[in-house]
Structures are given as structure tokens and as C-alpha cells.
Amino acid sequence: MMRERWLLFAAIVAAIICFPPGWYPEPLRLQLAQWFGPGSFRPAPASLAIDGEVPELRCPEDLLGWREAQTIEGVELRSSPACLADNPYAVAAFVRGTNNVTQATLLESGLTADAVEKGADLDGDGDPDEIHIRLEVVELNGSSPEIAAPVAQYSIAPGIQPGLWVFAPKMVGMATESFESLTAQAMLRLPSPAIRVEQGDRVSITLENSHYMPHTVHFHGVDHPFVDANGEGNDGVPFASEPPVLPGEARTYDLQPRSAGTALYHCHVQPHVHIMMGLQGLFVVEENRPDNWLQTLNIGSGQVRVPSRAVAEEYDREYDLHYLELDRDLNDRIQRFNDPRLITRSMHRDYDVTDAESDYFTLNGRSFPYTFRESLVIVEPDERIKLRVANGGSTPIAFHTHGHKVTITHRDGVAADPPAQITRDVVTIDMAQRLDLSLETTNDGFHSYGSGIWLFHDHRSRGITTDGIGPGGNISAIVYGDYLEDDGWPRTLGISWDPFFTEAYYRKERPIWADYAPELFGASGSNPWFVARLAGLGLALGAILALLLRMLRRRA
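Residues numbered from 1 in each chain as written. Predicted model: local features only at pLDDT ≥ 70, side-chain atom pairs only at ≥ 80, totals over all residues. Heavy atoms only, no water.

> How would you summarise the state of the cysteines if you had to cite specific residues and measurements?
Applying the stated criterion to the full structure yields one disulfide. Two residues, C59 and C83, share a disulfide whose sulfurs are 1.7 Å apart. For the disulfide bridge between C59 and C83, the dihedral angle about the S-S bond is near -115 degrees, and by the sign convention the bridge is left-handed. Note that C59 is positioned in the loop between strand 1 (47-48) and strand 2 (70-72) and C83 in the loop between strand 3 (75-77) and helix 3 (88-96), a separation of 24 residues in sequence. Neither C59 nor C83 differs from the other in exposure class; each is buried. (Disulfide = S-S within 2.5 Å. Helix = DSSP H or I, 4+ residues; strand = E, 2+ residues; numbered from the N terminus. Buried < 20%, exposed > 50% of the residue type's maximum accessible area, 1.4 Å probe, protein only.)

> Help me get a handle on a nonpolar patch on the surface, residues and values and all.
Among the surface-exposed residues, M2, W6, F9, V13 and I17 lie close enough to one another that they form a single nonpolar patch of about 560 Å² accessible area. Its location among the elements puts V13 in helix 1 (residues 2-18). Accessibility expressed as a relative area gives 34% for V13, which makes it partly exposed. (Patch = residues over 30% accessible without salt bridge, like charges linked within 9 Å, V, L, I, M, F, W, Y side chains within 5 Å. Areas by Shrake-Rupley, 256 points an atom, 1.4 Å probe, with all protein chains shown as cover. Salt bridge = Lys/Arg side-chain N within 4 Å of Asp/Glu carboxyl O.)

> Help me get a handle on the pairing of strand 5 (residues 130-140), residues and values and all.
Counting buried positions over the 11 residues of strand 5 gives nine, a clear majority of the element. Pairing between strand 5 and strand 8 (residues 202-208): seven bridges, direction parallel. Paired with E130 across the strands is R202, a residue of strand 8. Pairing geometry for strand 5 and strand 6 (residues 164-169), over six bridges, is antiparallel. Across the sheet, V137 pairs through a bridge with F167, a residue of strand 6. (Pairing = 2+ DSSP bridges.)

> How would you explain the nonpolar core if you had to name every residue and give the values?
Counting 102 residues, the largest nonpolar core has F283, L321, V377, L387 and F399 as the members making the most contacts within it. It is strand 5 that contributes the most residues to this core, six residues altogether. Counting seven residues, the second largest nonpolar core, distinct from the first, contains V75, L77, V91 and V306. (Core = buried A, V, L, I, M, F, W, Y, C linked by side-chain atoms within 4.5 Å.)

> Got a sec to walk through the environment of T423? Specific residues and values, please.
With respect to the secondary-structure elements, T423 resides in strand 22 (residues 423-424). On the basis of relative accessible area, T423 is assigned to the partly exposed category, the value being 27%. Along the sequence, T423 and T407 sit 16 residues apart, while their C-alpha atoms lie 4.1 Å from each other. For T423, the side chain forms a polar contact with the side chain of T407, separated by 2.7 Å. (Polar contact = N/O pair within 3.5 Å; in protein donor to acceptor, adjacent residues only side chain to side chain.)

> Quick one: what's the story with the pattern of salt bridges, residue by residue and with numbers?
Taken as a whole, this structure holds 34 salt bridges when the rule is applied. Put simply, R373 and E56 hold a salt bridge, and the shortest N to O gap is 3.5 Å. Of the two residues, R373 is situated in helix 9 (residues 371-374) and E56 in the loop between strand 1 and strand 2; the sequence distance between them amounts to 317 residues. By relative accessible area, R373 is classed as buried at 11%. The exposure class assigned to E56 is partly exposed, which follows from its relative accessible area of 27%. Residue R341 is joined to D339 by a salt bridge in which the shortest nitrogen-to-oxygen separation is 2.7 Å. The class of D339 is partly exposed, set by a relative accessible area of 23%.

As C-alpha cells, this is what we get:
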């Protein structure tokens, strides 16, 4: 017994010696310093070397010349100065109609001949008034029974591939770029394409449901009848208007909008799930003008390369800006199963939207830094720019512009009275709300502070992060032409962008400031002395516990 007491005493002394002084209460540390003097200086451990991951190419080369201003099928397409541009042949086909272009243009577009059909000029003003659009439902980053990787792959940021459902125009060929690639074709992406029609057009939109889930199309804020000419439901709401469109089936919705404005369209099957999976897009009704050939679909939103006559009368450029936030717990469910029954149970019964947390925040289907590739608002001095902004998320956003103030001209497709056309640099946009904004680049210290690279973003802290790490989220910028490189990348004057274009950064493995001061901001190495003390403390505490248990058993 005496031996065990001495061993216990020795273990307690060892524990006291090994106990890190930094863990002592501050009064005790001060008292010990007065009795024994301060401890000797020990330098911090050296920083660890950061990983050697090669950053992605920021601005892919425009090998096909898609960014250039050009004329195709008599359609004059404006230049698209940002890094990535939409397929100009598809844009021309959206303007003329896929049924009215040459076979060569149709092949280059990747669209079917009936994707966007344009018919008769009913009012004799020089443009078609019968429009038939065919949409499919496409799954991105879903599971595959053959491989572990998701297909068809679509990244919102480096290494970030949440599961998505989107409306897409009818296309020919594969959903992926090639037989050897898992990457989705460029037109299969988030958000669903912006749709443009003219006041008075007779519009038919056919949903050809190629997906394994039932879906509908609801026209949110767009003038349309509750039933069509045949008495069939026409509102897209399964429990009020009509049954959903089952897999392999099709339904055509008819509308003839009488008022112009910025609206939305989205699926209304289990809308708390399907809308947030990406089945939503802008729906713009343009004012009626003669010879008004519209860009019926704007893939990925962003710049409108063929603006309407009415917009061109008042504005120098036009941009669609579609915001959406994603809950990883919802979006990743389609990557867990291959059986539609299991996916349905997981999404519609197991998933609880009241517990939802947004992890990803996108602008036009991308998050920073990819937003700088294709969602820049590129301007020149003394211009007037039209911004159509939609909030497709589940919480309000605080749209903030650096270096500029914007004027609210329309709310939810309704023109604001002159006293209500407020000019400000933070605009609140509620869920499913649309605002038309006028951005002026006159350098007067009010509308604009002058040339530069001026960010615009959601001013909520969450909105500028990706899975909690920032910068990320929906950050983009208003970029003046003299700050734009020839390849479409902004001539930034700040820190290196290389870490942002690595997957390690979004896995929270790469220190952001390590390239500048690795001794201060690199990943910290371990302190051998501190590790040894912790190991000694653990052994001493283990010995104390073992000896106490042995002594208690003997007494018992």
C-alpha cells in the first residue's frame, strides 16, 4: 500500500510538471511568474508548406470566337466581353426560331429543329407572334449505377457539384460533352434559361418530361388563363389545376401575355423541393414593338446579346441576374440512390425544409470565382444599363453595388411611380421577387464614382461564402472596359486569385494568405515540446486513475 501511495504521489507530481502553463488560470500564472520569474522564450513552430495543387485556368481560351460580335442568319449579336460566352449559333437560332435557320446553323447550335419554333406574323409588324418552346428536365450531378462519380457534371465553383434539376431546351446528342467526358454540355446548366416573349404573342410551352420525377410549369407573375381552350388545366399546380406531367409524358401550356414585365416560371410539384433544386427561370414579357425579333432563350442568364427594341431604345446594355441558394442536405440526396422510389422518399418524406440551411449561394448558376468568368456586368462610361434581378432563394438578399447607385424602375414586372423610383446602393429583394434596375455609369460622384472593378453582391455575410468559406458565394463585379484584359478577365490590382481556383481552398485546406506571409498565415506546424508535455500529462493522468482504482478495490 505504501508503494502505491508513493507511485500515486509521483504520478501527481508528473502531471503537475507536464500540465501546460498556458492552461493555468491567469491569477495563478501571474503569481508563479512573481515567484519563479517568466518562462523562457520559445519560438512558434514553423509553418507547414501549402499543398502543390495547380490552380485551374481562370479564363479558358475562346478557340471558337464565341465572344466576338458577329452576324449569324441575319441576327446581329453583340460582343460578349467576359471570359465565357454562350454559343452564338444557339443565340441566333433562339432569335430566328430553330425551324427558320439553315441546317448548318442548327447543327452548330446543338438544338432540335422544334426547340423554339416561330410562326406567323399575326399583327403584320414584321416579327413572329406565334412562339412554341419545348423544354425538358435535366438532372446534373446525379448518381450513376455504373460509376461512383456524379453525372452529368456541372460545377458551381472548383470541386463543388451539388445535385440539380433544371429546365433545358430540347437538344440533340449526349448530355455530356463526349463519350469520354462526364462534364455536362454547356447549355445544360443552372439556372433554367430565361425566356423572352412579346406582349400579345401566342405562346405555347411544351414540357416533355424526360426525367424520372413528375413535374409541371407554373408561370409566376405572367398573364395566363387558368384553363386552356380545351378546358384543360393551365396553371401548373397539381392539386388545383391539373395532374403533374409524369415521366415520359408531355403537356403544352398556352398563354398570350397582355402586360410587359419581368416574371418567373418554375415547377410547382412539391415546390419547396423542386424549385430549390433549380427548376426555376426568368420569364420576361417585352413591350410590343415593330420588327421585334427577341432572343427567346438566354442560357445561364447573364448578358442579353440581342436586346429587344424597347430595351435598346432606353439602354445601352441589358443583363439578367438570377440569384439562388442551395441546401446541400437537399441537393446531395439525388447522389445517394439510383432508385427513383428511394429518391422520392428521401426528398419528399425524409427531407424537412423547416430545418434547411443554405450552403451555396449562386449568381446565374455559379459561385465565386466562376462568377467572374461569365456573370460580370461589363460597362463603359456614360452608359445606362438595364439589370433584371430575381431572387430565386428562400431568404431575402441585400443587393449591394460598389462605386454605383442603382434606381428601381419596376417591381415584380410593374413600373414604379416616379416618387417610388428610389436610387440607392443597397436594394432588398425578397423571395421570388423581381426588380428592374437602372445602372448609370456617369462619373458624377452619385451614379458612379468612375472607372474600375466595382463588386456587387449580397451584403448578407452568408451570401458571399461557399459552404461557410469566403470569399465565395454570389460575388461579381461591374467592370469598365479599360480594366478588362483581352481574354475577358478583369485587370485586378489585389491579391493572387490562384488559391480561389483550387479545390483545396473550398475543402478548407488552403491558407488564403500563405503566399504573402507564410510565417504568419501558413498552416501551423506542431510544437514538439508541447506535444511531449501533452503525452506526459496523458500518461500521468492514466497512472493516477489506475492507481486510485486499484487502491479502492483493495479497501473494498
